[in-house]
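Chain by chain, the residues:
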Amino acid sequence: MALSNYIAGLEMVLGHEGSFSDDPDDRGGATMMGVTQKVYEEWMGREVTKDEMREMPREHVDKIYKDNYWDVVQADLLPGGLDIAVFDLAINAGTGRSAKILQSIVGAKEDGAIGSRTIEKVMQHNPSDVLEKFTKKRKEFYDSIVKNNPSQKKFIKGWTRRNKETHEFAKKMMG
């Protein structure tokens, strides 16, 4: 619920995302520190080359993650720890998917946009319980990707590890 959580969450995310990647099986395409080429092009307002992707400044990454993910999922308004989990899934699977999973857990309208009503519903629940359910639903989401698209199976170990590590980190952020 603070800028310090964003910074801590960002460092965790960057540990998961690594540096430049261009795996042909990754539906996100070329990425640098987890920022896809499409997202970077939208942010820059023009097409970018793979060389530009490789040389993406860290300041751009920080700003993109803050503006396009942390702020979009209203992480500053979520309980500490849960903010990190929702933020990390937003980066890994999209802000709408992360929001819908959270909304399904707290009984809010599943519209993929976290607003005041979703925040209100979140605050009516124990953050630890929400985190446990969020982590479980995240794993189910990954399993469904592999089931529906077997070419993605090579990513399941990394996704599962990321989910587990994010959960552990988020629990520590709860105190």
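Summary of the structure given here. (Residues numbered from 1 in each chain as written. Predicted model: local features only at pLDDT ≥ 70, side-chain atom pairs only at ≥ 80, totals over all residues. Heavy atoms only, no water.)

## A look at the sheet that holds strand β2 (residues 31-32)
Across a sheet, paired strands are connected by hydrogen bonds in the backbone, their directions being either parallel or antiparallel. Taken in spatial order, the three strands make up an open sheet running β1-β2-β3, and their pairing is antiparallel. Edge positions in the sheet fall to β1 (20-21) and β3 (35-36), since each has one partner strand and no second. (Pairing = 2+ DSSP bridges. Helix = DSSP H or I, 4+ residues; strand = E, 2+ residues; numbered from the N terminus.)

## Topic: the packing of aromatic side chains
Evaluated as defined, the whole model comprises nine aromatic pairs. Residues Y40 and W43 carry aromatic rings whose centres are separated by 6.3 Å and whose planes lie at 15° to one another, so their mutual orientation is stacked. Of this pair, Y40 and W43 both sit in helix α2 (residues 37-44), separated by three residues, roughly a single helical turn. Using a relative accessible area of 30% as the deciding quantity, one classes W43 as partly exposed. The interplanar angle of 45° and the centroid separation of 5.8 Å between the aromatic rings of F141 and Y142 together place this pair among those described as tilted. Both residues of the pair, F141 and Y142, count as buried. Its guanidinium or amino end placed over the ring of F20, R54 lies 4.3 Å from that ring's centre, counting from NZ or CZ. Directly above the aromatic system of Y6 lies the positively charged group of K66, at a separation of 6.0 Å from the ring centroid. (Phe/Tyr/Trp six-rings, centres within 6.5 Å; stacked < 30°, edge-to-face > 60°. Buried < 20%, exposed > 50% of the residue type's maximum accessible area, 1.4 Å probe, protein only. Lys NZ or Arg CZ within 6 Å of the ring centre and 35° of its normal.)

## Brief notes about the nonpolar core
In terms of nonpolar packing, the biggest core is built from 49 residues, with V35, Y65, Y69, V86, F87, L102 and F134 touching the most fellow members. Elements supplying a minimum of two residues to this core: α1 (3-17), α2, α4 (58-70), α5 (82-93), α6 (95-106), α7 (116-122), α8 (127-148) and α9 (156-174). Looking at this core, the element that brings in the most residues is α5, giving eight residues. Excluding its chain neighbours within four sequence positions, the residues that come into contact with L102 are L78, L82, V86, I114, T118, V122, V130 and F134. (Core = buried A, V, L, I, M, F, W, Y, C linked by side-chain atoms within 4.5 Å. Contact = heavy atoms within 4.5 Å.)

## Topic: the side chain of Q152
With respect to the helices, strands and loops of the structure, Q152 is situated in the loop between α8 and α9. Overall, the relative accessible area of 3% leaves Q152 in the buried class. At a separation of 2.9 Å, a polar atom in the side chain of Q152 contacts the main-chain carbonyl oxygen of D25. If we skip the residues at most four places from it in the chain, Q152 touches D25, R27, I145, V146 and W159. (Polar contact = N/O pair within 3.5 Å; in protein donor to acceptor, adjacent residues only side chain to side chain.)

## Brief notes about unusual backbone geometry
Backbone geometry places M33, a non-glycine residue, at a positive phi of 50°. For M33, a relative accessible area of 15% corresponds to the buried category. The backbone phi angle of Q74 is positive, close to 55°, even though this residue is not glycine. One can find Q74 in the loop between α4 and α5.

## A closer look at α9
Helix length check: α9 (19 residues) gives 27 Å between terminal C-alpha atoms against 27 Å at 1.5 Å per residue, within 8%. Where α9 is concerned, the buried positions are I156, W159, R162, N163, T166, H167 and A170. Burial along α9 is one-sided: seen end-on, the buried residues are contained in an arc of 135°. Facing away from the buried side of α9, by more than 90 degrees, are the exposed residues K157, K164 and K172. (Expected span 1.5 Å × (residues − 1). Arc of directions from axis to C-beta.)

## A closer look at the pattern of salt bridges
Under the criterion given, the structure shown has 16 salt bridges. For the salt bridge of R58 with E11, the shortest nitrogen-to-oxygen distance reads 2.5 Å. You can see R58 sitting in helix α4 and its partner E11 sitting in helix α1, a full 47 residues away along the chain. Of the charged contacts, one joins K66 and D71 as a salt bridge, the two residues approaching to 2.7 Å between their closest N and O atoms. With relative accessibility at 30%, the residue D71 sits in the partly exposed group. (Salt bridge = Lys/Arg side-chain N within 4 Å of Asp/Glu carboxyl O.)

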